[in-house]
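Residue-level structure breakdown
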Amino acid sequence: QQDYMLYKDTCAALAKLMAEIQELKAGGAKSVEIEERRTQCSVHFITLKKLNRLAHMRLKKGRDQTHEAKQRVDVLHLQLQNLLYEVMHLQKEIGKCLEFRSQHEEIELVSEEEFFQEAPAEISRPHVTRDDQHQLTLARLDWELEQRKRLAEQYKMSLARKEKIQKAIEQKREYLSSLQPGLQNIMQASLPVQEYLAIPFEHMQKQAEVSRHLPPPLYVLLVQAGAYGQACDKNLSVSISGDVDEAKALSRPPEDSQDDESDSDAEEEQQNTKRRRATVGVQLDDKRKEMLRRHPLSLCVDLKCKDGSVLHLFFYYLMNLNILTVKTKVSTTTDLSGAVSAGELLNSESLLNCLYASDHGKETPNPANRYQFDKVGITTFADYVSDLGHPYVWVQKLGGLQFSSDVCITLCNDFIFMLFRFTRYLHRFLCIIPVSSECQHLFPAKVVSGLMRWTMMSYQEFTELGFVQHVLKAGLVRETDLFFMAVVERGTARLLAAVVMNPRYPEVAPLFSFSLHWKEERSGRTDDNLRAMESEVNVFRSELQGPRPGLQLLTNQIQRLCVCLDVYLETESQVCDGSEGPKEFPREKMCLRTARGPSRLKPFKYNHPQGFFSHR
């Protein structure tokens, strides 16, 4: 405080001397007076310098004292941390001691009352153990050891008796095994007789043995199909496949399985308590798998056609849903992978769709399944059809299952009629071949345009096409239909044809929609002649039906499409192209008139046997 007051007085004196020097210089005073005051100012500057040095020394001293105090605090803080670490370590050790579990706690000992009743006095020592819990536990462990030793001796004696019994069994088994080769020789010798009499006793006996473990719906189907095959159709065969041992385990009475597993119940409960609890998602997946579980045994019905093709029908039974499902597979004598009309029609996922009207096989016909699905979070059965098979209504009828359903379907109770429909349905697709001799008169001898590609597409891909929107708005397409894209080309012209095929073909004719890419893109909505071509293929399909049952319809429609494209391009070039030189599409079809009416429609109708084209 004194230094501060000195600093303040020095600054004031210094300011006063400066003011006086300024006045003296302004008044023209003598230099002696000015020099005296300048000397006094120098003294005051020395005083200020002294005060500044003192301030720096005091600041350094304060910092040194602060640093020393901080070091002492750091030392104390480090000691505190060491103490806290030791306390934490001791607490952990105390916790480990408190949480220690001895192995004897996992041993299931007899109750104290039973221990004092059965244990001898030299082990139980009631006068000591009743008051001392530690001694009681030791005594109970000693008694448990004595009991286990006694049981171990009994186990050894039981093993010795078991070995004797096993030896006796082996001797009897060897005797029975010696009889087996002779019995097999007798059975082999009787096989020609069985084949000659068409009575395969051995096969029938094995199948009858396995059929005892079939669920009732599959057994009904086996009996019906077997009876029909023996009585009416030798080309129909039925076989059973699957795991017989697992089926036997399912048919075992519940009380037997409980007795077999009673010995391990306690051990399983102890293991379950140690297992980590499953998440909700895993539990739901397990419940779904259990609900959609199939019976271990299944039926395979083979239907053979005259040309050697075989339709394999695999029938499965879903035990918890109480419904039957079917999967299909077609084995053909010829390779249909490159066929134009039948390449994708024998798809196993859609082969039996709409065998009866509105029976798509996407949803389960059992109304009770809806409530079962709600419990496990299944929204629709259609998501599992590819793995489990199609639950068609007629399949339930074949197995004797009756459900009330909203599906409007008429089912025949006669099993023969059902199998007849199977064979006819398979034959419907296998007979789609190029234009037959019976239908050659419907087309001219020379057709230049050709089908370059025939591919299958999904319903979503079909709806994205711009030139089929009018068909979608008219409600002529369903998701259960089959969708194809045909590409017909001639020169630089390229015609896209979107084809909708109903599973009930040929009862329901295919539907065509066109888009022509030549000079510009055109469709039936923008070009009257393309609309007329669609009419030729779709509206006048009765002319293309061919011999009954009309299996040539699709092939004839594609051929009519190629002919119409030829007429369109040849007449269009004649009307619009006025340039000299060779034409891209020379006229090869004989037409009475190339165009007619305000819309300039072209002659698409073919007249046989004259061989010319005219307007309708």
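Residues numbered from 1 in each chain as written. Predicted model: local features only at pLDDT ≥ 70, side-chain atom pairs only at ≥ 80, totals over all residues. Heavy atoms only, no water.

Along the chain, the position of Asp-302 falls in strand β2 (residues 297-304). Buried within the structure, Asp-302 lacks any salt-bridge partner; its nearest side chain of opposite charge belongs to Lys-304, at an N-O separation of 6.8 Å. A polar side-chain atom of Asp-302 sits 2.8 Å from a polar atom in the side chain of His-312. For Asp-302, the contacting residues outside a window of four places in its chain are Asn-235, Leu-236, Ser-237, Val-310, Leu-311 and His-312. (Helix = DSSP H or I, 4+ residues; strand = E, 2+ residues; numbered from the N terminus. Buried < 20%, exposed > 50% of the residue type's maximum accessible area, 1.4 Å probe, protein only. Lys, Arg positive; Asp, Glu negative; His and termini not counted. Salt bridge = Lys/Arg side-chain N within 4 Å of Asp/Glu carboxyl O. Polar contact = N/O pair within 3.5 Å; in protein donor to acceptor, adjacent residues only side chain to side chain. Contact = heavy atoms within 4.5 Å.)

Enumeration over the complete set of coordinates arrives at nine aromatic pairs. Taking the centre distance of 5.5 Å and the plane angle of 70° together, the rings of Trp-518 and Phe-585 count as edge-to-face. Note that Trp-518 is positioned in strand β8 (residues 511-518) and Phe-585 in the loop between α20 (553-576) and β10 (605-607), a separation of 67 residues in sequence. Residue classification places Phe-585 among the buried residues on the basis of a relative accessible area of 2%. An aromatic cluster of three or more residues is present, and its members are Tyr-459, Phe-462 and Phe-483. Geometry around Tyr-316 places Arg-294 over its ring, the cationic atom sitting 4.1 Å from the centre. Across the ring face of Tyr-568, the terminal group of Lys-602 is positioned such that the distance to the ring centre comes to 5.5 Å. (Phe/Tyr/Trp six-rings, centres within 6.5 Å; stacked < 30°, edge-to-face > 60°. Lys NZ or Arg CZ within 6 Å of the ring centre and 35° of its normal.)

Before going further, it helps to examine a nonpolar patch on the surface. On the surface, a nonpolar cluster with roughly 550 Å² of combined accessible area is contributed by Tyr-175, Leu-176, Leu-179, Leu-183 and Ile-186. As for its position among the elements, Leu-183 is in helix α6 (residues 133-196). (Patch = residues over 30% accessible without salt bridge, like charges linked within 9 Å, V, L, I, M, F, W, Y side chains within 5 Å. Areas by Shrake-Rupley, 256 points an atom, 1.4 Å probe, with all protein chains shown as cover.)

For the rest of this paragraph, the subject is the packing of helix α1 (residues 2-27) against helix α2 (residues 31-99). As a packed pair, α1 and α2 sit with axes 9 Å apart at the nearest point and diverge in direction by 155°. By the angle class used here, α1 and α2 are roughly antiparallel. As for how α1 packs across α2, the hand of that crossing is left-handed. A breakdown of the residues in the contact of α1 with α2 according to their chemical character gives 15 nonpolar, four polar and seven charged. (Axes fitted to C-alpha atoms, helices over the stretch in contact; angles between N-to-C directions. Parallel < 35°, antiparallel > 145°, perpendicular 65-115°, else oblique. Left-handed = near helix turned anticlockwise from the far one by under 90°. Nonpolar A, V, L, I, M, F, W, Y, C, P; charged D, E, K, R; others polar.)

Before going further, it helps to spend a moment on the sheet that holds β2. One open sheet holds the four strands; their spatial order is β1-β2-β3-β4, and the pairing between them is antiparallel. Each of the sheet's edge strands pairs with one partner strand only, and the pair in question is β1 (236-242) and β4 (323-331). The mean angle between the axes of side-by-side strands here comes to 20°, regardless of whether they run parallel or antiparallel. As judged from the six bridges shared by β2 and strand β3 (residues 310-318), these two strands associate in the antiparallel manner. Bridging across to β3, Leu-299 finds its partner in Phe-315. (Pairing = 2+ DSSP bridges.)

A few words now on helix α8 (residues 216-231). Given a rise of 1.5 Å per residue, 16 residues ought to cover 22 Å, and the 22 Å separating the end C-alpha atoms of α8 matches this to within 8%. Restricting attention to buried positions, one finds in α8 the residues Pro-217, Leu-218, Leu-221, Leu-222, Ala-225, Tyr-228 and Gly-229. Buried residues of α8, viewed axially, fall in a sector of 145°; they line one side. In α8, the exposed positions angled more than 90 degrees off the buried face are occupied by Pro-216, Gln-230 and Ala-231. (Expected span 1.5 Å × (residues − 1). Arc of directions from axis to C-beta.)

With that settled, consider unusual backbone geometry. For the bond from His-608 to Pro-609, the omega torsion is 10°, close enough to zero to count as cis. Structurally, the position occupied by Pro-609 is in the loop between β10 and β11 (612-614). Phi at Arg-125 takes a positive value of approximately 40°, unusual for a residue other than glycine. Here Arg-125 is to be found in the loop between α4 (121-124) and α5 (126-129). Phi is positive for Asn-322, close to 60°, though the residue is something other than glycine. Mapped onto the elements, Asn-322 comes out in the loop between β3 and β4.

Another point: the sheet that holds strand β9 (residues 520-523). With respect to topology, five strands assemble into an open sheet ordered β5-β6-β7-β8-β9, the strand pairing being antiparallel. Where the open sheet ends on each side, the last strands, each with one partner, are β5 (450-457) and β9. Strand-to-strand, the axes of this sheet are offset by a mean angle of 20°, without reference to chain direction. Across four bridges, β8 lies against β9 in antiparallel orientation. Residue pairing for β9: His-517 is matched across the bridge by Glu-521. Each of β7 (493-501), β8 and β9 is contacted by helix α19 (residues 528-538), which is oriented at about 145° to β8, the strand it contacts most.

As a further point, take the pairing of β2. Of all the eight residues making up β2, seven are buried; the element is thus mostly covered by neighbouring parts of the structure. Pairing of β1 with β2 involves seven bridges; the strand directions are antiparallel. Its bridge partner lying in β2, Ser-241 is registered against Ser-298. Between the end of β2 and the start of β3, which pair antiparallel, lie five residues, with Gly-308 showing a positive phi angle near 95°.

The next thing to look at is the confidence of the model for the protein. Per-residue confidence for the protein averages 82 on the pLDDT scale, and 85% of its residues sit at or above 70. Predicted confidence is poor over residues 406-414, with pLDDT under 50, and the contacts of this stretch with residues over four places away or in other chains come to 13 contacts. (pLDDT = per-residue confidence, 0-100.)

Right, let's get into the environment of Leu-321. Locating Leu-321 in the fold gives a position in the loop between β3 and β4. Exposure remark for Leu-321: the relative accessible area of 0% places this residue in the buried category. Along the sequence, Leu-321 and Asn-366 sit 45 residues apart, while their C-alpha atoms lie 7.7 Å from each other. Other than its neighbours up to four places away in sequence, Leu-321 contacts Met-291, Leu-292, Asn-366, Asn-369, Gln-372, Phe-373 and Phe-381.

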